[in-house]
Amino acid sequence: MKAHRLYSILVIVSGLLFFCSCSSPKTSPHQSLCKQEKVVKNEILAIAESLTNATVQKAYPKLFNLVDTYFADDVVIKYVDPGDPNRRVQIVPLAQYKYMVRQMPQFILDYTQQDRGMQITMASDCASVRIRGVQMERTTMSTNAAMMMAPYMFKKNPSKRFDDEVTIESEEKYILDFERREGNWFITLIDTEVIKADFL
């Protein structure tokens with residue numbers, strides 16, 4: 001796997017932790033036919049919050065278990081590679097995604113995020129939910145790891161002097177789909193695009 005793809009995948013891995021920070025997400029007015037709207041919303045946000053807290057608190061064994069529990073076997077994981085000038089859409093196999101999740105303790109020293117707006121849309125039968133929004137992320141890692149994983153960012157800043165650690169701030173838009181299958185919720189789509197990324 002190319003080094004810049006490692007960072008790109010880590011971006012969407014960390015992007016997994018995004019969607020519950022909005023204190024009052026908007027629900028589409030067209031979904032009022034879902035009679036269990038409040039219950040469904042609370043269930044989805046509880047899953048999201050558990051993923052977020054596990055990562056921010058570096059509770060990695062819990063995070064690994066949550067990913068294994070809530071990711072559908074046929075989940076589609078899409079992202080736009082921030083290092084690709086053509087902005088092509090990439091598809092990440094679930095096995096590769098899980099592998100990168102398990103590499104996070106080696107690369108991610110600190111991670112924070114702030115949601116800039118989140119909308120929840122529900123199907124009329126309450127069996128599927130879509131979350132979409134935009135978020136800001138700050139990821140801190142060693143400079144050596146960042147140079148290996150995101151060389152294009154250093155090429156953009158040839159005169160900048162770096163310490164042993166660097167913090168990358170990125171803005172990202174996302175779509176996340178949930179489906180209820182046999183009484184349990186599963187993530188069936190992660191679709192992310194980094195709008196911009198730079199060093200702090």
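See above for the structure.
Residues numbered from 1 in each chain as written. Predicted model: local features only at pLDDT ≥ 70, side-chain atom pairs only at ≥ 80, totals over all residues. Heavy atoms only, no water.

A.B. asks: Would you take a moment to explain the overall build of the protein for this structure?
C.D. replies: Looking only at helices and strands, the protein has 6 helices and 7 strands in total. Going residue by residue from the N terminus, the α and β elements of the protein occur as α-β-α-α-β-β-α-β-β-α-α-β-β. Out of the 200 residues in the protein, the part that is buried amounts to 50%. Of the contacts formed within the protein by residues at least 6 apart in sequence, a portion of 72% connects residues at least 24 apart. Total accessible area computed for the protein in this model is approximately 10,100 Å², and 48% of it derives from carbon and sulfur atoms. (Helix = DSSP H or I, 4+ residues; strand = E, 2+ residues; numbered from the N terminus. Buried < 20%, exposed > 50% of the residue type's maximum accessible area, 1.4 Å probe, protein only. Contact = heavy atoms within 4.5 Å. Areas by Shrake-Rupley, 256 points an atom, 1.4 Å probe, with all protein chains shown as cover.)

A.B. asks: Help me understand helix α2 (residues 37-56) in this model?
C.D. replies: Think of an α-helix as 3.6 residues a turn; residues three or four steps apart then line up on the same face. With 20 residues, α2 extends 28 Å between its outermost C-alpha atoms, agreeing within 8% with the 28 Å of an ideal straight helix rising 1.5 Å per residue. Lys 58 sits one or two residues past α2 and shows a positive phi near 60°. (Expected span 1.5 Å × (residues − 1).)

A.B. asks: Any chance you could explain helix α4 (residues 94-107) here in plain terms?
C.D. replies: Taking 1.5 Å per residue, 14 residues should reach 20 Å; α4 reaches 20 Å between its end C-alpha atoms and fits that length. Of all the bends in α4, the greatest, near 25°, is centred on Val 101, and the proline Pro 105 appears no more than four residues after it. Those residues of α4 that sit buried are Leu 94, Gln 96, Tyr 97, Met 100, Val 101, Gln 103, Met 104 and Phe 107. (Bend = angle between axes of the 7 residues up to and from the residue.)

A.B. asks: Can you help me understand a nonpolar patch on the surface in this one?
C.D. replies: A grouping of Val 76, Val 89 and Ile 91 is seen on the molecular surface, where their side chains present a nonpolar patch of about 250 Å² in accessible area. Mapped onto the secondary structure, Ile 91 falls in strand β3 (residues 89-91). (Patch = residues over 30% accessible without salt bridge, like charges linked within 9 Å, V, L, I, M, F, W, Y side chains within 5 Å. Salt bridge = Lys/Arg side-chain N within 4 Å of Asp/Glu carboxyl O.)

A.B. asks: Help me understand the pattern of salt bridges, please; the structure alone is not making it clear to me.
C.D. replies: Should the charged atoms of two oppositely charged side chains come close, the side chains can pair. Tallied over the entire structure, the rule returns 12 salt bridges. Across the pair Asp 68 and Lys 98 runs a salt bridge, and its minimum N-O distance is 3.3 Å. Highlighted residues: Asp 68 in helix α3 (residues 60-70) and Lys 98 in helix α4, separated in sequence by 30 residues. Here Glu 193 makes a salt bridge to Arg 87, at a shortest N to O gap of 3.4 Å. Here Glu 193 is found in strand β7 (residues 184-199), whereas its partner Arg 87 is found in the loop between β2 (71-80) and β3, with 106 residues between them in sequence.

A.B. asks: Whenever I open this one, the packing of aromatic side chains confuses me. Can you help?
C.D. replies: In this description, an aromatic ring pair is defined by two values, namely the gap between the centres and the angle between the planes. Counted by the stated rule, this structure contains 5 aromatic pairs. Seen in terms of ring centroids, Phe 154 and Phe 162 are 4.8 Å apart; in terms of plane orientation they differ by 55°. Their pairing is tilted. Given a relative accessible area of 12%, Phe 154 falls into the buried group. Taking the centre distance of 4.9 Å and the plane angle of 70° together, the rings of Phe 162 and Phe 199 count as edge-to-face. One end of the pair, Phe 162, is in the loop between α6 (151-155) and β6 (165-181); the other, Phe 199, is in strand β7, with 37 residues separating them in the sequence. For Phe 199, a relative accessible area of 10% gives the class buried. Put simply, the rings of Phe 154, Phe 162 and Phe 199 touch in pairs and so form one group of aromatic residues. (Phe/Tyr/Trp six-rings, centres within 6.5 Å; stacked < 30°, edge-to-face > 60°.)

A.B. asks: Looking at this structure, how should I read the pairing of β6?
C.D. replies: Within a regular beta strand, the side chains point alternately toward one face of the sheet and then the other, so they alternate between its two faces. Note that strand β5 (residues 128-142) and β6 share 15 bridges and pair antiparallel. From the neighbouring strand, Ser 142 faces β6, where its bridge partner is Glu 165. As defined by bridge partners, β6 adjoins β7 across 14 bridges and the pair is classed as antiparallel. Within β7, the residue paired with Lys 173 across the bridge is Glu 193. (Pairing = 2+ DSSP bridges.)

A.B. asks: Would you mind showing me how to read the packing of α3 against α4 here?
C.D. replies: How two helices sit against one another is set out by the angle between their axes and by the gap between those axes. Following both chains from N to C, one finds α3 and α4 inclined at 170°, their axes separated by 10 Å at the closest point. The angle between α3 and α4 falls in the class roughly antiparallel. Between α3 and α4, the residues in contact are Tyr 60, Leu 63, Phe 64, Val 67 and Asp 68 and Lys 98, Val 101, Arg 102, Met 104 and Pro 105, respectively. Residues of the contact of α3 with α4, tallied by class, amount to 7 nonpolar, no polar and 3 charged. (Axes fitted to C-alpha atoms, helices over the stretch in contact; angles between N-to-C directions. Parallel < 35°, antiparallel > 145°, perpendicular 65-115°, else oblique. Nonpolar A, V, L, I, M, F, W, Y, C, P; charged D, E, K, R; others polar.)

A.B. asks: Explain the packing of α2 against α3 here, please?
C.D. replies: It is at 8 Å that the axes of α2 and α3 come closest, and there the two elements cross at 150°. One way to sum up the angle between α2 and α3 is to call them roughly antiparallel. Regarding α2 and α3, the two cross each other, and that crossing is left-handed. Where α2 approaches α3, its residues Ile 47, Ser 50, Leu 51, Ala 54 and Thr 55 are matched on the opposing element by Tyr 60, Lys 62, Leu 63, Leu 66, Val 67 and Tyr 70. Of the residues contributing to the contact of α2 with α3, the split by class is 8 nonpolar, 2 polar and 1 charged. (Left-handed = near helix turned anticlockwise from the far one by under 90°.)

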